[in-house]
Each structure stands twice: as structure tokens, then as C-alpha cells.
Amino acid sequence: MTKLRFNRSQLCIPYAVFLILFVIAPLVVIVYYAFTNGQGNFTFANFINFFAGTNTLGTLVYSFALATVTTLVCLVIAYPTAYVLARSNFKKKYVLLMLFVLPMWINFTLRITALKEILTVFEGNIAKYPFLNSVIGMTYDFLPFMILPLYTSLLKLDKSLLEAASDLGANRFTVFMRVTLPLSVPGIISGMTMVLLPSMTNYVVLDMLYNSTYIMGSLIGSYFSAYDWNNGSLISLVLLVIIFLVTLVTNRFSDKDAGNRGAVL
């Protein structure tokens, strides 16, 4: 029997087919609808209406504010948690880490429904605090995505650098600020990216926690539900550009941090 041999270019064919069908083709469709009107004529009207409309710009600002606050809250909670887990000598610290990840195995709707019942007990009518409840819901949903990259980054720290800093006379606070924190920047950036971008579009939390304000995801859905594919595609394209810019900036920070690691001490 002859053995089948494949070169690298042949092994890339399935991936290339998948990329064309499910990434490039949908993107081409979105770009087409974003710059055409209902009659299929090329126009910039959709683009102008987005930046001229107070509703769309207000939704963009609200989405970014909600995502930013959620990301910062997740970071404040996740960093000490990941630091303690990574630096501790607990024999069962992997079990503790699993407890933070375990809620991700439960259906999203069930988790938010349970959270809604808890908030109702403490707050009564949770519709009175839409922004606060949305931040709590988003934080509860995306916190594991912040903990995991931070834990991985802190776990891989070279302990000899920490010992060297201590031998040079640095106290614990100085060691943390000059060594631990700078070396954990890749984990911080990764976690912030994984929380910030989904938080701008996850409108299910808002709907379930009685937040009537639109965010980018719900605004896009409302246009497509009304069969206005042109404006819906334009907003999707704007959101895609924002995501690309955020990713580009975070990657530059990561590259800059990687180049300066040797100068930490």
C-alpha cells in the first residue's frame, strides 16, 4: 500500500476553505450592505447617518463606558485573586482555580437568572439601577476570562527575578511594582481584551437585568430585525474597526513590554 503524503500547502487547504466561506465571504457581504442603500446603489449615507445620529453615537458611548467599567472591575477583582493563587503554596490551588471557572460550565441564561434573583433580594426593583446591575452581570459573566490569563502570566514569572530584587534591598511593595506588575502586563492586556470587546456587544445581560438602554449588539440586532441590513451592516463594520484598533493597540503594548523585560531590574 502506498502511503499518502501531504505537504504543508495541501494541509492548509481545509483551513483556507473555512476561512473563505465563514470569514472572508461574510465580511464581503457586510461591506457590500454597509456602503449600499436599499436599491443596491453605492452610498455613504449609512456612514454619515451613523456619526450624525445622536442615538447611534450615544449607544456607542454607552457601550464603551459600560465595557470599560466592567473591565476595570474585573481587573480589580481578578488580579489579587490570580496573584494569591499563583504565588500561594496551597496544595489545592488548582481546585480553587476550578471554582472560579466552574460557573462557565453552567448555562449562561441560568446563571444570569440566578443573579437576577439575588439582586432582587438586595435591591428590590432592580430596574432602578440599570447601569450598576449591568456591570454586576457583565463582571459575573466575564470574570473567569480575566482571571485565567492573569493566573497564567503570574504563574510563569521567574522567581529568581523576585529573589534578586529582594537581595538588592527592595521591599515587597517595590518588588511588586518594579518586577511583578511589569512582567504581568501581557496577562493584563490579554484579560482586558477578552473582557472589553465582548462587553460592548453582550446585550443579553442588559435585557435580563431590565436595562432598557441599547448597546452596540442590541442596536445591530434591532436593525437586522427590521430588515434594515444596510445600517445594521454599517454599525457591524464600525464595531469591527473598533475591535481591530483595540487589538492593534494592545498588541503594540505587548510587543513593547516584551522588548523591555530585560530592563525591569
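Refer to the structure presented above.
Predicted, not measured: the structure shown is a model, and the values here were computed from it.

Rules behind the numbers
Residues numbered from 1 in each chain as written. Predicted model: local features only at pLDDT ≥ 70, side-chain atom pairs only at ≥ 80, totals over all residues. Heavy atoms only, no water. Helix = DSSP H or I, 4+ residues; strand = E, 2+ residues; numbered from the N terminus. Rg over C-alpha atoms; globule rule 2.2 N^0.38 Å. Buried < 20%, exposed > 50% of the residue type's maximum accessible area, 1.4 Å probe, protein only. Contact = heavy atoms within 4.5 Å. Areas by Shrake-Rupley, 256 points an atom, 1.4 Å probe, with all protein chains shown as cover. Salt bridge = Lys/Arg side-chain N within 4 Å of Asp/Glu carboxyl O. Axes fitted to C-alpha atoms, helices over the stretch in contact; angles between N-to-C directions. Parallel < 35°, antiparallel > 145°, perpendicular 65-115°, else oblique. Left-handed = near helix turned anticlockwise from the far one by under 90°. Nonpolar A, V, L, I, M, F, W, Y, C, P; charged D, E, K, R; others polar.

A. Layout of the overall build of the protein chain. For the protein chain, the count of helices and strands is 13 helices and 0 strands. Order of helices (α) and strands (β) in the protein chain, N terminus to C terminus: α-α-α-α-α-α-α-α-α-α-α-α-α. Here the C-alpha atoms of the protein chain give a radius of gyration of 23 Å, more than 25% beyond the 18 Å that 2.2 N^0.38 yields for 265 residues. Taking the principal axes of the C-alpha coordinates as reference, the protein chain spans close to 70 × 70 × 45 Å. Relative to its full complement of 265 residues, the protein chain shows a buried share of 35%. In the protein chain, 72% of the contacts between residues at least 6 apart in sequence involve partners at least 24 apart. Of the accessible surface of the protein chain, which amounts to about 16,300 Å², a share of 69% is contributed by carbon and sulfur atoms.

B. Examining the pattern of salt bridges more closely. Within this structure, the stated rule accounts for 1 salt bridge. Put simply, Arg111 and Asp141 hold a salt bridge, and the shortest N to O gap is 3.4 Å. With Arg111 in helix H6 (residues 108–123) and Asp141 in helix H7 (residues 130–155), this residue pair connects regions lying 30 residues apart in the sequence. Taken as a pair, Arg111 and Asp141 share a single burial class, namely buried.

C. Spatial organisation of the packing of helix H8 (residues 159–167) against helix H9 (residues 172–183). Orientation of H8 relative to H9, taken along the N-to-C sense of each, is 165°, at an axis distance of 10 Å. Relative to H9, the element H8 lies roughly antiparallel. As for the relative orientation of H8 and H9, their crossing is right-handed in sense. Contacts from Leu161, Leu162, Ala165 and Ser166 in H8 reach Val175, Val179, Thr180 and Leu183 in H9. Taken together, the residues of the contact of H8 with H9 break down into 6 nonpolar, 2 polar and no charged.

D. View of the environment of Ile189. When you line up the elements, Ile189 lands in helix H10 (residues 185–199). We classify Ile189 as buried; its relative accessible area is 13%. Note: C-alpha distance between Ile189 and Asn251 (62 residues apart in sequence) is 8.3 Å.

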